[in-house]
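# Architecture and fold: a report
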Amino acid sequence: QVQLVESGGGLVQPGGSLRLSCAASGSIFSIIHMGWYRQAPGKQRELVASITNGGSTNYADSVKGRFTISRDNAKNTMYLQMNSLKPDDAAVYYCSLILVGSPRYWGQGTQVTVSS
């Protein structure tokens, strides 16, 4: 069993920055997929960014150039640096992980609010 806990969300003005963290615990081996998702009220959850075991990254078009995903395997932590935040970025952000032989794991989510 793996547990994921997001943190770092909060209220920020447009143009501001936030850094989200996803701390993982449990037996974490043979990662297939890891990434950040978000869900705004009344909308479907969407993939924001993902990172491979080799460090390659992929981003939704809406966040390219503004968000950066990274991970620290030694700390079992994944990060999402969010810069130049827009009101449309407001959502609950979730980290997710897929391991070999296991279903997808989700964190509890952390709220990001972008408002002036």
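Read on for a plain summary of the structure.

What counts, and at which threshold
Residues numbered from 1 in each chain as written. Predicted model: local features only at pLDDT ≥ 70, side-chain atom pairs only at ≥ 80, totals over all residues. Heavy atoms only, no water. Salt bridge = Lys/Arg side-chain N within 4 Å of Asp/Glu carboxyl O. Helix = DSSP H or I, 4+ residues; strand = E, 2+ residues; numbered from the N terminus. Polar contact = N/O pair within 3.5 Å; in protein donor to acceptor, adjacent residues only side chain to side chain. Contact = heavy atoms within 4.5 Å. Core = buried A, V, L, I, M, F, W, Y, C linked by side-chain atoms within 4.5 Å. Buried < 20%, exposed > 50% of the residue type's maximum accessible area, 1.4 Å probe, protein only. Pairing = 2+ DSSP bridges. 1 Å grid on protein atoms, 1.4 Å probe; cavity = no way out; pocket = protein on both sides within 12 Å on 5 of 7 lines; lining within 4 Å. Points joined across faces, edges and corners; volume = space filled by probe spheres on them. Axes fitted to C-alpha atoms, helices over the stretch in contact; angles between N-to-C directions. Phe/Tyr/Trp six-rings, centres within 6.5 Å; stacked < 30°, edge-to-face > 60°. Lys NZ or Arg CZ within 6 Å of the ring centre and 35° of its normal.

## A few points about the pattern of salt bridges
For the coordinates displayed, the defined rule picks out 4 salt bridges. Lys64 is paired through a salt bridge with Asp61; the nearest N and O atoms lie 3.0 Å apart. Connected through salt bridges with shared partners, the residues Arg38, Glu46, Arg66 and Asp89 form a single ionic network.

## Digging into the side chain of Arg66
Along the chain, the position of Arg66 falls in the loop between strand S6 (57-59) and strand S7 (67-72). A polar contact is formed between the side chain of Arg66 and the backbone oxygen of Ser84, at a distance of 3.0 Å. Once residues within four sequence positions are removed from consideration, Arg66 is found in contact with Gln81, Met82, Asn83, Ser84, Leu85, Lys86 and Asp89.

## Quick word on the nonpolar core
Membership of the largest hydrophobic core comes to 32 residues, with the highest contact counts inside it found for Trp36, Leu80, Met82 and Tyr93. Here this core takes 5 residues from strand S9 (residues 91-99), the largest share from any one element. Residue contacts for Met82: discarding those within four places in its chain leaves Gly16, Ser17, Leu18, Leu20, Arg66, Phe67, Tyr93 and Val112.

## Things to note about the pairing of strand S8 (residues 77-82)
In summary, the side chains of a regular strand alternate between the two faces of the sheet. Counting buried residues along S8, 5 of its 6 residues qualify, which places the element largely inside the surrounding structure. With 6 bridges joining them, strand S3 (residues 18-26) and S8 adopt antiparallel strand pairing. Each bridged residue has a counterpart across the sheet, and for Leu18 the counterpart in S8 is Met82. In terms of strand pairing, S7 meets S8 through 6 bridges, oriented antiparallel. Residue Phe67 lies in a different strand from S8, and its bridge partner there is Met82.

## Overview of the layout of surface pockets
There is about 180 Å³ of room inside the largest pocket. If you trace the largest pocket, you find 14 residues lining it, with Ala24, Ile31, Met34, Asn76 and Thr77 closest to the centre. Residue assignment for the lining of the largest pocket shows that the elements contributing at least two residues are S3, strand S4 (31-39), S7, S8 and S9.

## Some thoughts on the sheet that holds S3
Reading across from one edge, S1-S3-S8-S7 is the order of the 4 strands in this open sheet, with antiparallel pairing throughout. Of all the strands in the sheet, just strand S1 (2-7) and S7 have a single pairing partner and so form its edges. Strand after strand, the sheet turns through a mean of 15 degrees between neighbouring axes, direction not considered.

## Side note on the packing of aromatic side chains
With the rule as written, the count across this model stands at 2 aromatic pairs. Note on Tyr37 and Trp106: the rings are 5.0 Å apart at their centroids and 70 degrees apart in plane angle, and the pair reads as edge-to-face. A residue pair is termed long-range when its members are at least 10 positions apart, and Tyr37 in strand S4 and Trp106 in strand S10 (residues 105-106) qualify at 69 residues. A residue is classified by how much of its surface remains accessible, and Tyr37, at 10% relative accessible area, is buried. Here the aromatic rings of Tyr94 and Trp106 are separated by 6.3 Å at their centres, their planes lie at 85 degrees, and the arrangement is edge-to-face. Residue Tyr94 is found in strand S9, and its partner Trp106 is found in strand S10; the two are separated by 12 residues along the sequence. Linked through ring pairs, Tyr37, Tyr94 and Trp106 together constitute an aromatic cluster. Above the plane of the ring of Tyr79 lies Arg19, whose end atom (NZ or CZ) is 4.2 Å from the centre.

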